[in-house]
Every structure is written in structure tokens, then in C-alpha cells.
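Given next are the chains, with one letter for each unit.
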Amino acid sequence: MMASSGNKVILVCSAGALFAQNVCEQLFTLKEKYTIRAADRSQERLDQLKKKMGKRSTDGTFETVVFDFNRPETIEHALKNVRRVVLYLPNSMQREHYARNVIDACRKLSPQPEQIVLISVIGAKQREVTLHKQYVSIEEHLRQSGLPFSILETALFQELITHCYADQIQRGELRLPVKDDGKFALVSLRELANGVARVMEDFSRHHGQTYSFTGPEIFLGKDVARLITETINKEVKFREDSIENNVSHLVSVGWTRDQAQQMVEYLHWMSNKGKMEHPSQDAHKLGVRTVSFKEIISMDREFLINGKNRNEPL
């Protein structure tokens, strides 16, 4: 429900996802006070988020709106009085279309938003895999729109492992489409959410800038397994597995085949061609506290020990 308040409004898209929920929390740390408007297609997820926000849902600092990327009238409604936009897109083959709908709607506003923060992926300009091709097109459309923007490019979330591979870990293994010598990055969605807030704190300084979030470490598959072993006190061994087997695994957790294919392709690309030798320093430049993978494993320890996968949108 959209309430009336004197605050400027920040719209957070795909707010039912765990990352976007963390963004909402982080935006309350801004020095200038805003009303945070959470937009999602699912009323049920929005109701759950309102409960999570508690008092903020009644004091004018947090509100929700049902929003469908495919329905322009809902986008127009959600953008009412909005000054900033966090453009986080769902895991969908239509994400390019969705992004264009929001960007084009923002161009029609008067006044236009002061800032759009786009969440993209590392290596988009290389156009190697589906995610790259989608996001490089979205980035180009945003740049050509004339709207003020910042772009945060991200690696895969650390939470992908702890949420979607818990059953394997409980059995003492971790099977990924990564060669023994393949290096890749994992970033916590909590760290990236803090990055959004820091870019919005001083938006004029970050206009037109792109920042990369890799997390504080670059991993081999065996490094990930070792960290899990040390943290949950159970031996877990890394094993290279095929793209198809990983896709099938994510489908068994509840992902669609298209969703799984995109994520697995991206991880495979990163570990083979991504040249991930050193972590990005952009989080430090922005004053963001990096989150180690060990911290996330510790938070999700009980789920991993019990082998409980979670099909919660990330």
C-alpha cells in the first residue's frame, strides 16, 4: 500500500527477493530521510516484508506497491513521486524487456528521477553468455536514456551456495561446473546491498560510474569446500561437475530451467574465462564493509548441517 508522506521516495524493484529486502534495510541508513517503496509482483511477499519492517510500515518511512514489469500501468503507479530507483531485475529471460519498460517509464516522468542504480553482472561487455548479452544491452539502453545512473556489477551471490547446495553439502560434497584450477568470485548480497546505499548517499559523485563487487576473496572450488568444512565441522569435498548436472540440480531445488541455465553458464564462464585473479577494490573505495564467505556459512550453518535447500528468490 502506498502511503502519503512528505519524504522523497526511493523505489526498490523486485523487493520480494532477499537481496532487494537487504537493500531496503540499508537505505534506512542514509543521512537524508526517504520513504522506501518496495515493489514486487507478489502481494504475499510484500505482506511478509511489511511484517519484517515492523513500525516502519506505519510511520511513513516504508511502503509497498504491487508492480509487474510487463504491465506499464503498474510501473507508472509505482513511480509516482519517486526520486531514485534501484533497478534489480528478476532472474528471467525477459529481464532486458523488463528493464527497458522501467527505464522508458522513468524518462517520461516530470521531474525525472535523480538517480537510477542498476544491478548488473561482471563482464557484461564481453557478451560471452546469456547474462552478459542481456545486461550489456540494458546498460547501453540506460546510458542512452539520458537519465542519471550508477551501475553495480556483481559476481554470483555467496548465498547461492548456502541456499541451493545444502543437500550436497550435507552429503559431504559440493559439485560445481568449475575446473580444479578455475577461479571465481562470490559476493554476499548483504555487501552488495550496502554498496547500493553508499552509492545513493552521495549520488552526484557516483553519476555515470560503474563499480564491481567480487567479495573479498577469489576462490578455487576446493577453497569453498575447505571453508565449509572448517565452519560446519563436517568434511566437504569439491568435485567438478557438468553444466547440465548443475542445471538439473537447481531445477530440483525449484528453479526453472531457463533460470538455472543462465546462472550455471555464468559461473562456468567466470571460472574459465573471467580472469578472476584478484578481488575488486571498489567496495573499499565506497566505504563498504566486505562480507567473507565464512560469515555467510556461519549464518546458514544449521541449514547446511541439515541439508535444507531454500527456494527463496535471491
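Residues numbered from 1 in each chain as written. Predicted model: local features only at pLDDT ≥ 70, side-chain atom pairs only at ≥ 80, totals over all residues. Heavy atoms only, no water.

Colleague: Give me the lowdown on the sheet that holds strand 1 (residues 8-12), citing residues and values where you can.
Modeller: Strand order across the open sheet formed by seven strands is 3-2-1-4-5-6-10, with parallel pairing between neighbours. Pairing within the sheet leaves two strands with one partner each, and these edge strands are strand 3 (62-66) and strand 10 (210-213). Taken over all neighbouring pairs, the strand axes of this sheet differ in orientation by 20° on average, direction set aside. (Pairing = 2+ DSSP bridges. Helix = DSSP H or I, 4+ residues; strand = E, 2+ residues; numbered from the N terminus. Axes fitted to C-alpha atoms, helices over the stretch in contact; angles between N-to-C directions.)

Colleague: Report on the side chain of D68, specifying residues and quantitative values.
Modeller: For D68, the position within the fold is in the loop between strand 3 and helix 3 (72-78). Among buried charged residues, D68 stands out as having no salt bridge; its nearest opposite-charge side chain is R41, 5.0 Å away. For D68, the side chain forms a polar contact with the main-chain nitrogen of N70, separated by 2.8 Å. Contacts of D68, omitting those with residues within four sequence positions, involve R41, T74 and I75. (Buried < 20%, exposed > 50% of the residue type's maximum accessible area, 1.4 Å probe, protein only. Lys, Arg positive; Asp, Glu negative; His and termini not counted. Salt bridge = Lys/Arg side-chain N within 4 Å of Asp/Glu carboxyl O. Polar contact = N/O pair within 3.5 Å; in protein donor to acceptor, adjacent residues only side chain to side chain. Contact = heavy atoms within 4.5 Å.)

Colleague: Got a sec to walk through empty space enclosed by the protein? Specific residues and values, please.
Modeller: To find leftover empty space, a probe the size of one water molecule is rolled over the atoms. Evaluation of the coordinates by the stated rule reveals one cavity of 30 Å³ or more. Estimates place the volume of the largest cavity at around 40 Å³. A breakdown of the residues in the lining of the largest cavity according to their chemical character gives seven nonpolar, one polar and no charged. (1 Å grid on protein atoms, 1.4 Å probe; cavity = no way out; pocket = protein on both sides within 12 Å on 5 of 7 lines; lining within 4 Å. Points joined across faces, edges and corners; volume = space filled by probe spheres on them. Nonpolar A, V, L, I, M, F, W, Y, C, P; charged D, E, K, R; others polar.)

Colleague: Describe the layout of surface pockets, and please don't skip the residues or the numbers.
Modeller: What the largest pocket holds in volume is close to 960 Å³. In terms of lining, the largest pocket is formed by 39 residues, of which the most central are L89, P90, N91, Q259 and P313. Listed by contribution, the elements that provide at least two residues to the lining of the largest pocket are strand 2 (34-40), helix 4 (95-107), strand 5 (115-121), helix 5 (130-145), strand 7 (156-157), helix 6 (158-164) and helix 11 (257-273). Here the residues of the lining of the largest pocket sort into 22 nonpolar, 10 polar and seven charged. One number sums up the size of the second largest pocket: a volume of about 180 Å³. For the second largest pocket, the full set of lining residues is P72, I75, E76, L79, N101, D104, A105, K108 and L109. Sorting the residues of the lining of the second largest pocket by element identifies helix 3 and helix 4 as the ones contributing at least two each. For the lining of the second largest pocket, the per-class residue count stands at five nonpolar, one polar and three charged.

Colleague: I'd like to hear about the environment of C13, residue by residue, with values.
Modeller: Examined against the element boundaries, C13 turns out to sit in the loop between strand 1 and helix 1 (18-27). For C13, a relative accessible area of 0% translates into the label buried. As a C-alpha pair, C13 and R289 span 276 residues in sequence and 24 Å in three-dimensional space. Once residues within four sequence positions are removed from consideration, C13 is found in contact with A20, A39, F67, F69, V85, V86, L87 and Y88.

Colleague: Give a detailed account of the pairing of strand 6 (residues 149-154), specifying residues and quantitative values.
Modeller: Most of strand 6 is tucked away, with six of its six residues classed as buried. Once the chain exits strand 5 it traverses helix 5 before rejoining the sheet at strand 6, and the crossover so formed is right-handed. Bridging between strand 6 and strand 10 involves four bridges; their strand directions are parallel. By the bridge assignment for strand 10, L152 is matched with Y211. (Right-handed = clockwise from strand over helix to strand, strands pointing away.)

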